[in-house]
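Architecture at a glance
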Amino acid sequence: MEPKEQIRNAIDVVDLVGEYLQLKKAGQGSFKALCPFHGEKTPSFYVHRSKQIWHCFGCDKGGDIFTFIMDMEGVEFPEALRMLAKKAGVELPQYERRDASRTDHLKAINAFAQKVYERYLQTAQGKGARAYLEGRGITEELQMRFGLGYAPDAWTALIDAARQKGISEADWQAAGLALPSKRGNRIDRFRHRLMIPLRDHHGDTVGFTGRVLRKDDTPKYMNSPQTDIYDKSALVYGLDIAKAAIKSAGEVILVEGNLDVIASHKADVKNVVAISGTALTERHIQMLKRYTTRFVFCFDADDAGFNAAMRGMHLSRGLGMDVRVVAIPSGAGKDPDEIVQKDPQAWRALVEAHADQMTYLFNRLVAPIDRKDVTTKKRAGAVFLEELAASKDTIEREHWLKRLSEALDVPLQELRKSLGSGPDNGQRKGNAIQQTPQKHQSLEDIFLAHSINDTNAFALAASRIAPSNLSEPLAHALYTLALSLYHDANTSNESFFEAVRQEASKHSQELSGYFARCAILLDLENSPPNANDDTRFSQILTRLEDRVRNSKRQDILFALREAERVGDMAQVEALTRQYQSML
Ligand SMILES: [Zn+2]
């Protein structure tokens, strides 16, 4: 069996999709979810267990486990194959691994470095780092969970270890772990620092954050540089560990520092991640959105913290996220780490008491201002209205406009004018995901939906409908392919559906997606197979035949008119006879 088929047998599409999306039961063996590929409020994304396919009726994406990973992870087929092979424990032949070998190698180097750092933490040299961790109450269990380590106070300790392991200095540098020195050789990038591995959402180490242990060392936090495997604008710290907790909590808490994430675990709040060394980007949001659409922003209540968080909140809201806010009150501690240090219960309570973004903004910006201070009123009003404009919810907009009108003592009409004319204002600004209209189901789609799911139906189809009767390219291609499999002696009734699926997936990603769409179409209508289905299918066949006959008649009529125009009476007579025979 081909590796691709082995992998397909080992991984259930429902389980796989369930790792990314919140699935709800939608019927016999089928589940639905909000589509991750287009903005929507009611689910049109379906995944089916016995058919092993997924399809979104909103944006028309669909296919099998491979296409799902390709779309979800934004990777090409070889990478999707490699990822799923690893998951399924299937060994790939060398040639299929080639594409990924470079990133694998760099990841292996970072994994090796992590092991070395972990070992150094337990040595006499790691004493200071251990004392630091102890002082912050980070237990050995937590140290292991997050893979913490220590970079020794030496120039080439790690490079030497790498050399012994057979890793070249050039590769070590490409992995972000070495720096060129003034003397022309290479030195360790991280020296005398507490090492926090940066892991991607699969749990592979792709870089490090090193925290100073000596007071006057700078910078306080040093990150790995951008490498082929580490991109700070895409990496969400702690996600590998937080995934399950995020899904069960239905929300993710975003904090500022990696150590805040670790501290939060001490308080048993585990749905926490950090965006470190950069502002929140659209790629971070897309990554997190796989697990939840509710983002709880946690930041210092001071102006710097607030302003930084505002940008992230604005971006998230524009991408359709449900944005919540936890502002750390002054006196509680400067960051989650400090709060947990003082009182873990206080952190849990703070996180649970999150407010929605507009309520928070109103209380912070609008409520405290003096109505007579025109300048402040204007500024606060403008910031608040800008955020409100991103809301597509009319009720929410009206609610806040009224509150704002009362608070600022400005007529409602004026505020509405400055907000824009209608609820679609936010969309026109281009900061909202476009809602994709539902694709119309054509007669040919429904014809294929009936016939590929049931060999009896297909037998009937094969006897009445020729591929040329189908005018849509994908329908034509799928039907042609299915017909040849149907006539193939090696295909049994039981294996027909599976055979069509495999052929479609070999043919192209597009056809594989179209197959999934047809395979799942009837489940959507929630109609279990019954006697009426036969009648219905028969009607579909008749309509297809009628359509063919009609178009032939149109052709004849056209030719007839042409023959009359040029005065070819013999031709007119022949065509007339032909036309009448078709009535
Ligand atoms: Zn979709």
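Residues numbered from 1 in each chain as written. Predicted model: local features only at pLDDT ≥ 70, side-chain atom pairs only at ≥ 80, totals over all residues. Heavy atoms only, no water.

Notes on the packing of aromatic side chains
Spelled out, the test is: Between the rings of Phe, Tyr and Trp (Trp by its six-membered ring), a pair exists once the centres lie within 6.5 Å; its type follows the angle of the planes, with under 30 degrees stacked, over 60 edge-to-face, and the other angles tilted. Runs of E in the DSSP output that reach at least two residues are strands. Runs of H or I that reach at least four are helices, and both are numbered from the N terminus. Burial classes follow relative accessibility: with a 1.4 Å probe on protein chains only, a residue under 20% of its type's maximum area counts as buried, one over 50% as exposed, and anything between as partly exposed. A ring has a charge above it when a Lys NZ or an Arg CZ is no more than 6 Å from the ring centre and no more than 35 degrees off the ring normal.
In total, this model carries 24 aromatic pairs according to the counting rule given. Note on F66 and F77: the rings are 5.6 Å apart at their centroids and 55° apart in plane angle, and the pair reads as tilted. You can see F66 sitting in helix α3 (residues 65-73) and its partner F77 sitting in helix α4 (residues 77-88), a full eleven residues away along the chain. The exposure class of F66 is buried, given its relative accessible area of 1%. Among the residues examined, F77 registers a relative accessible area of 30% and is labelled partly exposed. An aromatic cluster of at least three residues, connected via ring pairs, comprises F447, F458, Y479, Y486, F496 and F537. Taking the ring centre of F37 as reference, the NZ or CZ of K61 above it sits at 5.7 Å.

Describing the UniProt feature "domain: Toprim" (unreviewed entry) in the protein chain
Stated precisely, the cut-off is as follows: UniProt positions are given in the numbering used here, feature names are shortened, and annotations may be inferred rather than shown by experiment.
In this structure's numbering, the residues bearing the UniProt feature "domain: Toprim" (unreviewed entry) are residues 250-331. Annotation note: span residues 250-331, helix share 40%, strand share 26%, distance between end C-alpha atoms 29 Å.

Structural notes on the domain arrangement of the protein chain
Short version of the rule: The domain boundaries here were taken from an automatic or database domain assignment.
Assigned domains within the protein chain: domain 1 (3-92), domain 2 (100-223), domain 3 (239-353), domain 4 (364-428) and domain 5 (443-560). A straight line from the C-alpha centre of domain 3 to that of domain 5 covers 50 Å.

So, the nonpolar core
Stated formally: Only buried residues count toward a nonpolar core, which is a set of Ala, Val, Leu, Ile, Met, Phe, Trp, Tyr and Cys residues joined through side-chain atoms within 4.5 Å. Only heavy atoms matter for contacts: two residues are in contact if any of them lie within 4.5 Å across the pair.
If you look at the biggest cluster of nonpolar residues, it comprises 71 residues, and the most contacted ones within it are I7, F45, F68, I69, V273 and F384. If we ignore the near neighbours within four places in the chain, the residues touching I69 are L16, Y20, G74, V75, A80, M83 and L84. Listed in part, the 57 residues of the second largest apolar core include L235, I253, A263 and A274.

Observations regarding the UniProt feature "zinc finger region: CHC2-type" (unreviewed entry) in the protein chain
With numbering aligned to this structure, UniProt lists the feature "zinc finger region: CHC2-type" (unreviewed entry) at residues 35-59. Span residues 35-59 is 0% helix and 32% strand, its end C-alpha atoms 8 Å apart.

Details of the coordination of the zinc ion
Here is the rule we go by: Donors, by definition, are the N, O and S atoms found within 2.8 Å of a metal, the threshold being 3.2 Å for Na, K and Ca, and water is not counted, so a site can look incomplete. Key to geometry: four donors with every angle between 85 and 135 degrees are tetrahedral; four donors are square planar and six octahedral where opposite donors lie over 155 degrees apart and all remaining angles lie between 65 and 115; all other sites are irregular.
At this site the zinc ion is bound by C35 (SG), H38 (ND1), C56 (SG) and C59 (SG), with donor distances of 2.1 to 2.3 Å. Because the angles between the four donor atoms bound to the zinc ion fall within 101 to 116°, the donor set is best described as tetrahedral. When the donors of the zinc ion are listed by position in the chain, the intervening gaps give C-x2-H-x17-C-x2-C. With C35 in the loop between β2 (30-33) and β3 (45-48) and C59 in the loop between β4 (53-56) and β5 (62-63), this residue pair connects regions lying 24 residues apart in the sequence. Judged by its relative accessible area of 4%, C35 is buried.

Focus on helix α7 (residues 127-135)
Our working definition: Think of it as the arc spanned by the lines of direction from the helix axis to the C-beta atoms.
Inspection of α7 places A129, Y132 and L133 among the buried residues, and these make up the whole buried set. Each buried residue of α7 sits inside an arc of 95° when the element is viewed along its axis, so together they form one side. Turned more than 90 degrees from where α7 packs its buried face, K127, E134 and G135 sit exposed. Here the buried face of α7 lies against α6 (101-121), α8 (140-145), β6 (149-151), β9 (193-199), β10 (205-212) and α12 (258-266).

Describing the sheet that holds β2
Condition: For two strands to count as paired, DSSP must find a minimum of two bridges between them. The axes used here are C-alpha line fits, helices contributing only the stretch in contact, and every angle between their N-to-C directions lies in the interval 0 to 180 degrees.
On the basis of which strands lie adjacent, the open sheet formed by five strands has the order β1-β2-β3-β4-β5 and antiparallel pairing. Every other strand in the sheet has two partners, leaving β1 (24-27) and β5 as the edge strands with one partner each. Sheet analysis places β2 next to β3, joined by four bridges and oriented antiparallel. Bridge pairing in β3 links S30 to H48. Packing against the sheet, α3 makes contact with β3, β4 and β5, and its axis sits at approximately 45° to β4.

A word on the packing of helix α22 (residues 443-452) against helix α23 (residues 455-464)
Counted only if it meets this: Any angle that is under 35 degrees is reported as roughly parallel, and any over 145 degrees as roughly antiparallel; angles of 65 to 115 degrees are reported as roughly perpendicular and all others as oblique. As a working rule, the residues Ala, Val, Leu, Ile, Met, Phe, Trp, Tyr, Cys and Pro are called nonpolar, Asp, Glu, Lys and Arg charged, and the rest polar, with Gly in that last group.
α23 packs onto α22 with a crossing angle of 125° between their chain directions and a minimal axis gap of 6 Å. Relative to α23, α22 is oriented oblique. Two secondary-structure elements touch here, α22 through F447, H450, S451 and I452 and α23 through A457, F458 and A461. Residue composition of the contact of α22 with α23, grouped by class: five nonpolar, two polar and no charged.

A closer look at the pattern of salt bridges
We count it as follows: By definition, a salt bridge exists where a carboxyl oxygen of Asp or Glu is found within 4 Å of a side-chain nitrogen of Lys or Arg.
If you walk through the whole model with that rule in mind, you get 42 salt bridges. E444 serves as the salt-bridge partner of R547, at 2.3 Å between the closest nitrogen and oxygen. Of this pair, R547 sits in helix α27 (residues 531-566) while E444 sits in helix α22; the two residues are 103 residues apart in sequence, bridging distant segments of the chain. Overall, the relative accessible area of 30% leaves R547 in the partly exposed class. Assessed through its relative accessible area of 0%, E444 is described here as buried. One salt bridge in this structure joins E545 and R464, with 2.9 Å as the shortest N-O distance. Remark: R464 occurs in helix α23 and E545 occurs in helix α27; sequence separation between them is 81 residues.

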